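# Residue-level structure breakdown
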Protein chains: 2
Amino acid sequence: MTPKLFIKSLLVLSCGLPFLTSAQTNPKLTQYVNPFIGTGAVKGSLSGNNYPGATVPFGMVQLSPDTRDEPEWDVACGYDHNDNFIAGFSHTHLSGTGAPDLFDILFMPCTGDEKTRAGNAQQVGSGYGSRFSHDHESAKAGYYQVKLDDYGINAELTATEHAGFHKYTFPKNSQGRVVIDLAHSIKKPNFGCHVIAAQFHMVNNHTIEGFRVITGWAKLRKVYFYAEFNKTIKSNDLVDGGTQYFDQKLLNGTDLRAVLNFDTGDGTPLLAKVGLSTVSTQNARLNLNTEIPDWDFNKTVAQANAKWETKLDKIKVDGTEQQKQIFYTALYHTFIQPNNYADVNGDYTGIDYTIHNNKAGFYSTFSLWDTYRAANPLYTLIQPQRTAGFVNSMLSQYLAYGYLPIWQLWGQENYCMIGNHAIPVIVDAALKGIPGFDIQKAYEAVKNSSVTDHPGSPFKVWEKYHYMPENLLTQSVSVTLESAYDDWCVA
Amino acid sequence: MTPKLFIKSLLVLSCGLPFLTSAQTNPKLTQYVNPFIGTGAVKGSLSGNNYPGATVPFGMVQLSPDTRDEPEWDVACGYDHNDNFIAGFSHTHLSGTGAPDLFDILFMPCTGDEKTRAGNAQQVGSGYGSRFSHDHESAKAGYYQVKLDDYGINAELTATEHAGFHKYTFPKNSQGRVVIDLAHSIKKPNFGCHVIAAQFHMVNNHTIEGFRVITGWAKLRKVYFYAEFNKTIKSNDLVDGGTQYFDQKLLNGTDLRAVLNFDTGDGTPLLAKVGLSTVSTQNARLNLNTEIPDWDFNKTVAQANAKWETKLDKIKVDGTEQQKQIFYTALYHTFIQPNNYADVNGDYTGIDYTIHNNKAGFYSTFSLWDTYRAANPLYTLIQPQRTAGFVNSMLSQYLAYGYLPIWQLWGQENYCMIGNHAIPVIVDAALKGIPGFDIQKAYEAVKNSSVTDHPGSPFKVWEKYHYMPENLLTQSVSVTLESAYDDWCVA
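This is a predicted model, so every value here is computed, not measured.

## Side note on the pattern of salt bridges
All chains considered together, the criterion is met by 38 salt bridges over all chains. With its nearest N and O atoms 3.1 Å apart, the salt bridge here joins A:Asp428 to A:Lys432. Two residues, B:Glu228 and B:Lys273, come together in a salt bridge whose shortest N-O distance is 4.0 Å. Of this pair, B:Glu228 sits in strand β14 (residues 221-229) while B:Lys273 is found in strand β19 (residues 270-277), placing the two residues 45 residues apart along the sequence. Summarising the burial analysis for this pair, B:Glu228 and B:Lys273 share the class buried. One continuous salt-bridge network, built from bridges that share partners, spans A:Arg68, A:Asp74, A:Asp80 and A:Asp83.

The structure is reproduced here in structure tokens:
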């Protein structure tokens, strides 16, 4: 960050915020992050749709509890603070969005009778899910913990950019299981959601890998995983729909769950490390081995926390404890998305569904209507390098789609909300002199996007009437205002 | 082929066939191929489901007319000789199967009012489709021709391994169009068929590229194309559902058609060359430029015909003209499938939905229940090198799925029909000493496949009862017989 930008950030951020100070010694700022802020609301009203689980800044993995078997629009992030049931811990989540998707590769530890459906809170014991209480739940930046009351299991989670790290402490003398559910998703068929293909492969007696190809809000996602356990998988049951395959090495299907059995009676924790990739199980393994080479859970927690500290350290504020908690949790939320979906070697499944490589990464989850006003301008000030990454990823959509993102999820346009708000984001970055992207290409993209028609765009109506009649286009006033703003940015 | 194998082939093929001779001079054997054999039957009964269009041995492209807008089970190959309507010419077809799929990237030349739906035979002018008559239709190995009666257009087709070549002769003083339909498929939602994503991109005023990602009988296929015309595209209309986008460069959607307008008034033919790939539009372009570098339609026809001549030349028979026509057309049909889906550089989208490379190719469309008795043993005799390729591709399914193919379509298992008939195919190849695959790996695959349970397999019932009760498993006698045969092959 240049000094000039830093002064700007002071000016911008001093408006309406607690008193800023940059001369102070370095306090632990992550202590002010409360991941439960935004996770619940009075029943029936909208919450912030934030999840309390473990993630690192701009990471691909968001390992967090899902309090519903099939989350819908009211729990777009998977977690509602009003719930008292956990279906399991899935590895990908949206933060703060209005619409739900993701929830990939759910893990759930349990004991007792084998169950292969999550069940629900209303019927105790109806599935592998468990009740929980906020009295035995905690979270900080990069770490989440909960006691699963139905099993007496203490579950702890942490994450790196491409991997989740699970620590399950079972009761003494228990026979522990882990269920992996590849069918867990938003309630089908919202957005036509269904699993197109999925697979489990028992690699050895400590390792399972697989994938799912799923269509949902993002039209097509390939999610590969590679999971290692610190204890021996004694036996396994691979399940497709209602059919069980005991101790089989491989299973293909569309409604898959794996039940893995372990000796957990000695009370030492069962650890599971899970790498993800959009490209292949090999890359998922590479991601995992690169980021979590050993079995030191606390070390990964400390690393995750340190990454957050570095990010939060960009801005220092004074104020009451509560003001700091509000401020630094909000700052924490701004660094959760967009997400870098490229593997550690730069491979990623691109916008055209084929494999690309960019060592600098590939960012997606651009909820631009929500972020162009405040979050993106903030990134230009305190995350200029990431901003260049965001712009380059948006430009790659321009190359593949012919126009910049409206709302891009896992590299795919879903045309959600109005406006053309990649334009102000890119123009802002260009005018502030952020280095690292091709200004000429950016200008071409901005200009062409403003005159290119696409599904859901108001272009045809505007061309015909030179205004937006409400009877032809809902939200006509907002559309007019926002389009005018975007056009002004192009100009 | 070793001399020993040649003797074997003489022995095998002399059973029930016209008298064999190998000492004769070389007559043009492709003259005996009649691609219309197997294309029709008495209305209501099953035809051979063979198509009359242009293809080369084991090629990826099968460019052939579809006589229905949305082919179903009764027209699995897209063409019924009883029909008098052509919806267009799509680039991929199944030959001789019971179930339908593919029909990718439909092209249709037309004149007059713009229409963006194919229509049907019952309502003349209801779409861009046209009536035709067998009086003005002809076909030979690697070539197809038809007069489109509604437009007075003579359409000719030929193909290479990865590309289709279209020649459309429009009436003098006509304004010609070509419709490209990316939504054309089996009748939706058979097999849950729907287009997940599609795109058109006007590359320049002679070129259009794009793709479709589709789920159908094959769970997921990515089909990229790159198409060049010899005449200037004067204007275009890209259509998504009911919305038209005139002279736009790019369109994304799920219900896409492109209408391209040309000056065809001088009576010189409009030529279109179309490359396909499962990997990317870049690879589709590479495939096209490698295989059809120039605009010489007749040269490509001659090359396709020559490829067939070389294949048919493997066996020489004497007999009546009709006997030779029956024999060589049947031999022609045996060389249409399996298909090599790898690009000219070896890239292909593999069984795990990620990109692989094998310079020796990747074969799919293994309809093994249909082919293990006769076609595959024939390949071991007269196509030993291809047989090694088939075995290696089957082994790659074993590696990815844990068991050998049952019915593999575009690299994906659909579990159609009974038995485990990759086993006899591989064992046969091994016992005959076909070189080019790993015998140890083949043995492991054959053995493990015979004891691995999978969706639709009779394994559980067999293990429990040691026989197949008809009330628990339909086709129990066939399943028993065929499983016993496969097990004997393993032994």
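## Structural notes on the interface of chain A and chain B
Contacts between the two partners involve 34 residues from chain A and, on the opposite side, 33 residues from chain B. Both sides together, the interface formed by chain A and chain B hides about 2600 Å², and carbon and sulfur atoms give 59% of it. On the chain A side of the interface with chain B, the three residues burying the most area are A:Ile196, A:Asn252 and A:Tyr353, jointly 19% of the side's total. Where chain A meets chain B, there are zero salt bridges. Viewed at the interface, chain B and chain A are joined by 16 residue pairs in polar contact (both at pLDDT 80 or more). With four residues, strand β12 (residues 194-204) of chain A is the single largest residue contributor to the side of chain A that touches chain B.

## A look at the relation of the copies chain A and chain B
Rotating chain A by 180° and translating it 0.0 Å along the rotation axis places it on chain B, where the RMSD comes to 0.0 Å. The transformation just described matches what one would write down for a two-fold rotation axis. The rotation axis passes nearest to the C-alpha of A:Ile355 in chain A, at a distance of 3.7 Å. The overlap is high: 97% of the interface residues of chain A also sit at the interface in chain B, so the same surface is used on both sides.

## Examining the packing of helix α6 (residues 375-382) of chain A against helix α7 (residues 384-401) of chain A
Residue and element names in this part refer to chain A. Where α6 contacts α7, the two axes come as close as 6 Å, and the packing angle between them is 125°. Overall, the two elements α6 and α7 adopt an arrangement that is oblique. For the pair formed by α6 and α7, the contact residues are Tyr379, Thr380, Leu381 and Ile382 on the first element and Pro384, Thr387 and Phe390 on the second. Its residues assigned to classes, the contact of α6 with α7 shows five nonpolar, two polar and no charged.

## Side note on unusual backbone geometry
Looking along the chain, the bond that leaves B:Lys188 and enters B:Pro189 is cis, with omega of 0°. Along the polypeptide, B:Pro189 turns up in the loop between β11 (175-181) and β12 (194-204). One non-glycine residue, A:Thr365, lies in the positive phi region at around 65°. Tracing the backbone shows A:Thr365 in the loop between β23 (363-364) and β24 (366-367). Note on A:Thr365: relative accessible area 2%, which makes it buried. Phi is positive for B:Met417, close to 70°, though the residue is something other than glycine. Position of B:Met417 among the secondary structure elements: in the loop between β26 (412-413) and α8 (422-431).

## What to know about helix α9 (residues 439-451) of chain B
Given 3.6 residues per helical turn, the α-helix brings residues three or four places apart onto the same face. All names here are of chain B. If you check α9, its first and last C-alpha atoms are 19 Å apart, about what 13 residues at 1.5 Å a residue would give, namely 18 Å. Where α9 is concerned, the buried positions are Ala442, Ala445, Val446, Ser449 and Ser450. For α9, the arc enclosing every buried residue in end-on projection is 120°, short of the 170-degree limit, so these residues lie on one face. Summarising the contacts, the buried residues of α9 are in contact with α7 (384-401), α8, α10 (459-465) and α11 (476-490). Where α9 begins, the capping side chain belongs to Asp438, and its oxygen is found 3.0 Å from the backbone nitrogen of Gln440.

## Describing the sheet that holds strand β25 (residues 407-409) of chain B
All names here are of chain B. Strand order in the open sheet formed by three strands is β24-β25-β26, and the pairing between neighbours is antiparallel. Since the sheet does not close on itself, it has two edges, and those belong to β24 (366-367) and β26, each with one partner. Taken together, the two bridges between β24 and β25 define a ladder with antiparallel strand orientation. Of the residues in β25, the one forming a bridge with Ser367 is Trp407.

## What about the sheet that holds strand β8 (residues 143-148) of chain A?
All names here are of chain A. What the nine strands build is an open sheet, ordered β7-β8-β9-β10-β19-β14-β13-β12-β17; its pairing is antiparallel. Of all strands in the sheet, those with a lone pairing partner are β7 (137-140) and β17 (250-253), marking the two edges. Neighbour-to-neighbour, the strand axes of the sheet open up by a mean angle of 15°, direction not taken into account. The pairing of β7 with β8 spans four bridges and is antiparallel. Bridge pairing in β8 places Ala139 opposite Tyr144. Each of β7, β8, β9 (153-159), β10 (163-169) and β19 (270-277) touches helix α3 (residues 297-312); the most contacted strand, β9, lies at about 45° to it.

Cut-off values and rules
Residues numbered from 1 in each chain as written. Chains lettered and ligands numbered in written order. Predicted model: local features only at pLDDT ≥ 70, side-chain atom pairs only at ≥ 80, totals over all residues. Heavy atoms only, no water. Salt bridge = Lys/Arg side-chain N within 4 Å of Asp/Glu carboxyl O. Helix = DSSP H or I, 4+ residues; strand = E, 2+ residues; numbered from the N terminus. Buried < 20%, exposed > 50% of the residue type's maximum accessible area, 1.4 Å probe, protein only. Contact = heavy atoms within 4.5 Å. Buried area = accessible area lost by both parts, 1.4 Å probe. Polar contact = N/O pair within 3.5 Å; in protein donor to acceptor, adjacent residues only side chain to side chain. Least-squares fit on C-alpha atoms with pLDDT ≥ 70 in both. Axes fitted to C-alpha atoms, helices over the stretch in contact; angles between N-to-C directions. Parallel < 35°, antiparallel > 145°, perpendicular 65-115°, else oblique. Nonpolar A, V, L, I, M, F, W, Y, C, P; charged D, E, K, R; others polar. Expected span 1.5 Å × (residues − 1). Arc of directions from axis to C-beta. Pairing = 2+ DSSP bridges.

None of the figures reported here should be taken as evidence of function without further support.
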